[in-house]
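Each chain is listed here by its residues.
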Amino acid sequence: MKNLIFFSCVELKQVGLLLGLLTMVGGGSVQGSVLPEIVAYQYTLTNGPDPYQNFCSTVAIDGDTIVFGGYDYEVVPIYVRQGVPWAYPSWRLEAALPYSGGQNGSRFGKAVALSGSVAAVSAPGEDGDRGAVYLYERNNGSWALQARMVASDRQAYDYLGNCVALSGDTLVAGAPGQGTVRYPEAAYVFIRQGTNWVQQQKLTASDGAWGDHFGYAVAIDGDTIVVGADERDTSTNAAYVFVRQGTTWTNQQKLTAGEYVASDTFGTAVSVQGNSIAVGAPYNGSGDSGAIYTFRRTNNVWSLKQKLTVAGDSYLGQVVSLGDELLAATSQQHIYVFAWDGLEWTQRSRPSDTGPRGFWPYSMALSGDTIVVGWNNGEAASGPVVTYAPNYADDSGLAAAVRGRLYLPSAQGPGKDSSAFRYKDLLYGPDSNGLRAQVESMTNFYGPAERALAAEAEADVWRGLALNTTSVALGNLLLDIYYDRVVAESLLVRNRLADADTARFGPPLAPPAPSGGFLIANEIPLYR
């Protein structure tokens, strides 16, 4: 599970490949740099039970549930999706989580997180800005307060709950302080034991300094926590990685940008998924264009993988979200989507509109292929909360996008091309003579990842066919998927029966005219 943080905290769940390229409010659409355009279905949520408390500073989504909050909400709304995600669903208000602390200026709703049937809502202004986090649990559609968590050594101006993140039965809450009393700043880990929540550990930076803002951003995935410190007063800002062994959290590594950029606010936003971390630095670069730094863990060591930037925009990295194959981020006006191709992140899409006039994407969260955005203009009563999802009714766009995931003829070698049926390009395409020497087994090209991608593509096509029962484009694509899956499995069997020399297959035949396909020796057509 991940967090998006910019002035607040946003809890994220595992992200799947976003088929739809987003449509902004007002009808503007996204033009994908890799995939063709798919117009996304959007749904605007009512901004809470109280129309005067609709400044949304934080959103969270997990599957079919959304929670969002803002500064000093009296209640925090929870919405659930009606209908299947891909068939024009709507969202209905399921519950309104009330603030029971009874304090003015508590900032209840400043940050929210969601994991399964548990929601966390912070109130960092409680008790003289010491802060607290409220935990609610859903049972048979009803939500009830389960616990109120505070730091065991709390002091004034801790600001516990500036940011929160949930992963299963573990909650992490940032306490970056106000820079006046608390040193060192901290993040606190709480866990559920039976029906009770207890503090497990307090996390601090081993080299912490006054004013670091350690705890401004937090993210958690299983036994890995990332804490951002975006205002270090030394040479660089930083993000700190902690890992849990048993019941103890230890600092695994300190992450930096690898370059000194004054006041770039590296660590403003953090996200973690498995062995990947993304860190936002929205004030990095000329004109505060912003950047996202990605890291990969190998043998318990994190290394800087890539720095992502965009041209002609500002404050990229205000919000970041990592999934298995997707990285989403916001800038001052736009939402960017990057895709993982096995070796690096490449920009997949960007909205061509700025959203509601005068608004910016203040908060964002992703789950599956649904994205929820809180749009704001900085005023106390403004900003719609909008969800976006792929439009499976666009059969031609869906077919083109799915083919893009299955067939990518520009492969340059094993591992570069992540398409499901890349074996066709690598073994039988125009470059196959140069690539065949690298091939020892069909399993290099059609393993568990490719199988899963093909199955996901087939499921997407069926969804489209449910809304377009007479679509020729989707019908032909479904036949192609069946056909190429059968061929791939047949070649795998052939590999298992042949020895290493014959497993490389015979030399490919020269391709015929572009309008046709060509055949291998047993006359199974590999191109149509």
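Everything discussed here concerns the structure shown above.
Report on the accompanying structure. Chains are numbered independently. Their residues run from 1 in the order of the written sequence. Thresholds applied to this predicted model are a pLDDT of at least 70 for local features of residues and 80 or more for the giving and counting of side-chain atom pairs; totals over whole chains, interfaces and linings are not thresholded and use all residues. With hydrogens and water stripped out, all remaining heavy atoms of the structure feed into the side-chain values.

**A short note on the packing of aromatic side chains**
In step 1: A pair of Phe, Tyr and Trp rings is counted when the ring centres sit within 6.5 Å of each other, with Trp represented by its six-membered ring. The angle between the planes then sorts it: under 30 degrees is stacked, over 60 is edge-to-face, the rest tilted. Inspection of the entire model under this criterion finds 11 aromatic pairs.
In step 2: Between Tyr99 and Tyr134, the aromatic rings sit 5.8 Å apart at their centres with planes inclined by 80°, giving edge-to-face as the arrangement. Of the two residues, Tyr99 sits in the loop between strand 7 (90–98) and strand 8 (112–115) while Tyr134 sits in strand 10 (residues 132–139), which places them 35 residues apart along the sequence.
In step 3: Members of the aromatic cluster, joined through ring pairs, are Tyr99, Phe108 and Tyr134. Numbering of helices and strands runs from the N terminus; a helix is a DSSP stretch of H or I covering at least four residues, while a strand is a stretch of E covering at least two.

**Description of the sheet that holds strand 15 (residues 196–203)**
In step 1: What makes two strands pair is DSSP finding at least two bridges between them. Overall, antiparallel pairing links the four strands, which are arranged 12-13-14-15 in an open sheet. Edge positions in the sheet fall to strand 12 (163–167) and strand 15, since each of these pairs with one other strand and no more. The sheet shows a mean angle of 20° between the axes of neighbouring strands, direction not considered.
In step 2: Judged from the five bridges that link them, strand 12 and strand 13 (residues 170–175) form a sheet pairing that is antiparallel. Its bridge partner being in strand 13, Ser167 is matched across the sheet by Thr170. All axes are obtained by fitting lines to C-alpha atoms, using only the stretch in contact for helices, and the reported angles, taken between N-to-C directions, cover 0 to 180 degrees.

**Here's the deal with the side chain of Asn468**
In step 1: Summarising the element assignment, Asn468 is placed in the loop between helix 5 (448–467) and helix 6 (472–497).
In step 2: Relative accessibility under 20% of the residue-type maximum defines a buried residue, over 50% an exposed one, and the middle range a partly exposed one, all with a 1.4 Å probe and only protein chains included. Of the residues examined, Asn468 reaches a relative accessible area of 16% and is grouped as buried.
In step 3: Asn468 has contacts with Tyr392, Ala393, Asp395 and Leu474, leaving out every residue within four places of it along the chain. Only heavy atoms matter for contacts: two residues are in contact if any of them lie within 4.5 Å across the pair.

**Quick notes on the nonpolar core**
For soluble globular proteins, nonpolar side chains are generally found buried alongside one another.
In step 1: Counting 28 residues, the largest nonpolar core has Phe68, Val76, Leu97, Phe108 and Trp143 as its most contacted members.
In step 2: Within the residue set of this core, elements represented by two or more residues are strand 4 (58–62), strand 5 (65–69), strand 6 (75–82), strand 7, strand 8, strand 9 (118–123) and strand 10.
In step 3: We call a set of buried residues a nonpolar core when its members are Ala, Val, Leu, Ile, Met, Phe, Trp, Tyr or Cys and they connect through side-chain atoms within 4.5 Å of each other. The next biggest cluster of nonpolar side chains, apart from the first, holds 25 residues, and it includes Tyr392, Leu477, Leu478 and Ile481.

**As for the sheet that holds strand 19 (residues 248–255)**
Across a sheet, paired strands are connected by hydrogen bonds in the backbone, their directions being either parallel or antiparallel.
In step 1: With respect to topology, four strands assemble into an open sheet ordered 16-17-18-19, the strand pairing being antiparallel. The open sheet is flanked by strand 16 (214–221) and strand 19, the only strands paired with a single partner. Along the sheet, successive strands turn relative to each other by an average axial angle of 25°, direction set aside.

**What to know about the environment of Met364**
In step 1: In this fold, Met364 is placed in strand 28 (residues 360–367).
In step 2: Met364 sits in the buried class, given a relative accessible area of 0%.

**Quick word on unusual backbone geometry**
In step 1: Phi is positive for Arg107, which is not a glycine, with a value near 60°.
In step 2: Mapped onto the secondary structure, Arg107 falls in the loop between strand 7 and strand 8.
In step 3: Although it is not a glycine, Asp127 sits at a positive phi angle of roughly 50°.
In step 4: Tracing the chain through its elements places Asp127 in helix 1 (residues 126–129).

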